[in-house]
Each structure stands twice: as structure tokens, then as C-alpha cells.
Amino acid sequence: MKPSIWLKIAASLQALGTVFHTLATWNPPSRGPAEVAVFEAMRGYRFEIMGATRSHWDFYHGYEFSITVIFAMIAVLIWQLSSLSSSEPDRARPLLITILIAQVFLSLISWTNFFAGPGVMSMLIIICMAVALVSLPRNADA
């Protein structure tokens, strides 16, 4: 299979992960009394930071949505990289390596701080991107 196909699969998986992350953010699981108390404490404790008043909840919730934006951007970049890998593989290689390294770190974070769902998804994306990388032709201009 061509590298561009592997990258389109990786981009699609990343997009699917973005959708799952966003849905989980909008529809959190039901919480028990202890967890409700933690979230209420996060909302209730407000502090000044750089001229603004925020809570720990503001940061937590903001990071949830920031990750959605970052995941969506990564999906788009990988999709765009699939086109570049077909037309200019030598230019695509360093970009592919950069995003692949970032995916490895995201995978480590997923496995150590979250649960199997994001970990498995990130591993599938890594596999697709690694196969695309080794499939890229060398010295396309020669």
C-alpha cells in the first residue's frame, strides 16, 4: 500500500479519536458523591492568575477543549501530509518524523495517565505512520 493511504488511515483514526474525545467531554460519565465533591471543590476554589480570576475547573475544562483542537489539527496535518508524501516524499519525511515522534509521546501519556481506549488508538496511528515512513521512496528527485 502507498504511504499516502497509510497516512489517510492514520488521519482518519486521529479524526475518530478527536470525535470520541469531544463526545466524552460533552457527555461525562455519571459521578458518585466523592467525585462530585472533587469537581465542586475545583469549581469553588478561585484564585488570581495573570490578572484574571480562575478556578482549577476552568483550567481542567479549558485543557479538555484545547486537546480537542490539537487532535483535530493533527488529523488535518496528517491528511495534508498524505498528499505531500505522494508528490514530494523527501519534503514529507521530516514532517512525518516530527508528527510521529509527537504521537509516540501522546501514546505514552495515554497509557500512563488515561486508559486503554486512547492508548490503543494512538498505537494504531503510530503503526500507520511508521509504515508510511518506511514506505516513502528515497531520493525522489534522483
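We now turn to the structure provided with this report. (Residues numbered from 1 in each chain as written. Predicted model: local features only at pLDDT ≥ 70, side-chain atom pairs only at ≥ 80, totals over all residues. Heavy atoms only, no water.)

### Brief notes about the pairing of strand β1 (residues 46–49)
The side chains of a regular strand alternate between both faces of the sheet. As paired strands, β1 and strand β2 (residues 52–55) are joined by four bridges and run antiparallel to one another. By the bridge assignment, arginine 46 is partnered in β2 with serine 55. Where β1 folds back onto β2 in an antiparallel hairpin, the turn is made up of two residues, including methionine 50, whose phi is positive at roughly 50 degrees. (Pairing = 2+ DSSP bridges. Helix = DSSP H or I, 4+ residues; strand = E, 2+ residues; numbered from the N terminus.)

### Notes on helix α1 (residues 3–26)
Across its 24 residues, α1 extends 35 Å between first and last C-alpha, which sits within 8% of the 34 Å expected from 1.5 Å per residue. When we look at burial in α1, the residues that qualify are Pro3, Ser4, Leu7, Ala10, Ala11, Leu13, Gln14, Gly17, Thr18, Thr22 and Thr25. (Expected span 1.5 Å × (residues − 1). Buried < 20%, exposed > 50% of the residue type's maximum accessible area, 1.4 Å probe, protein only.)

### Remarks on the layout of surface pockets
Roughly 960 Å³ of volume is contained in the largest pocket. Together, 32 residues line the largest pocket, and His21, Ala24, Phe114, Phe115 and Pro118 are the ones closest to its centre. For the lining of the largest pocket, the elements supplying multiple residues, two or more each, are α1, α2 (33–44), α3 (56–87), α4 (89–113) and α5 (116–135). With eight residues, α1 is the single largest residue contributor to the lining of the largest pocket. Considered class by class, the residues forming the lining of the largest pocket number 18 nonpolar, ten polar and four charged. (1 Å grid on protein atoms, 1.4 Å probe; cavity = no way out; pocket = protein on both sides within 12 Å on 5 of 7 lines; lining within 4 Å. Points joined across faces, edges and corners; volume = space filled by probe spheres on them. Nonpolar A, V, L, I, M, F, W, Y, C, P; charged D, E, K, R; others polar.)

### Re unusual backbone geometry
Its identity is not glycine, yet methionine 50 carries a phi of approximately 50 degrees, on the positive side. Here methionine 50 lies in the loop between β1 and β2.

### Some thoughts on the environment of serine 83
Tracing the backbone through its elements, the reader meets serine 83 in helix α3. Serine 83 sits in the partly exposed class, given a relative accessible area of 45%. For the pair serine 83 and tryptophan 6, spaced 77 residues apart in sequence, the C-alpha separation works out to 11 Å.

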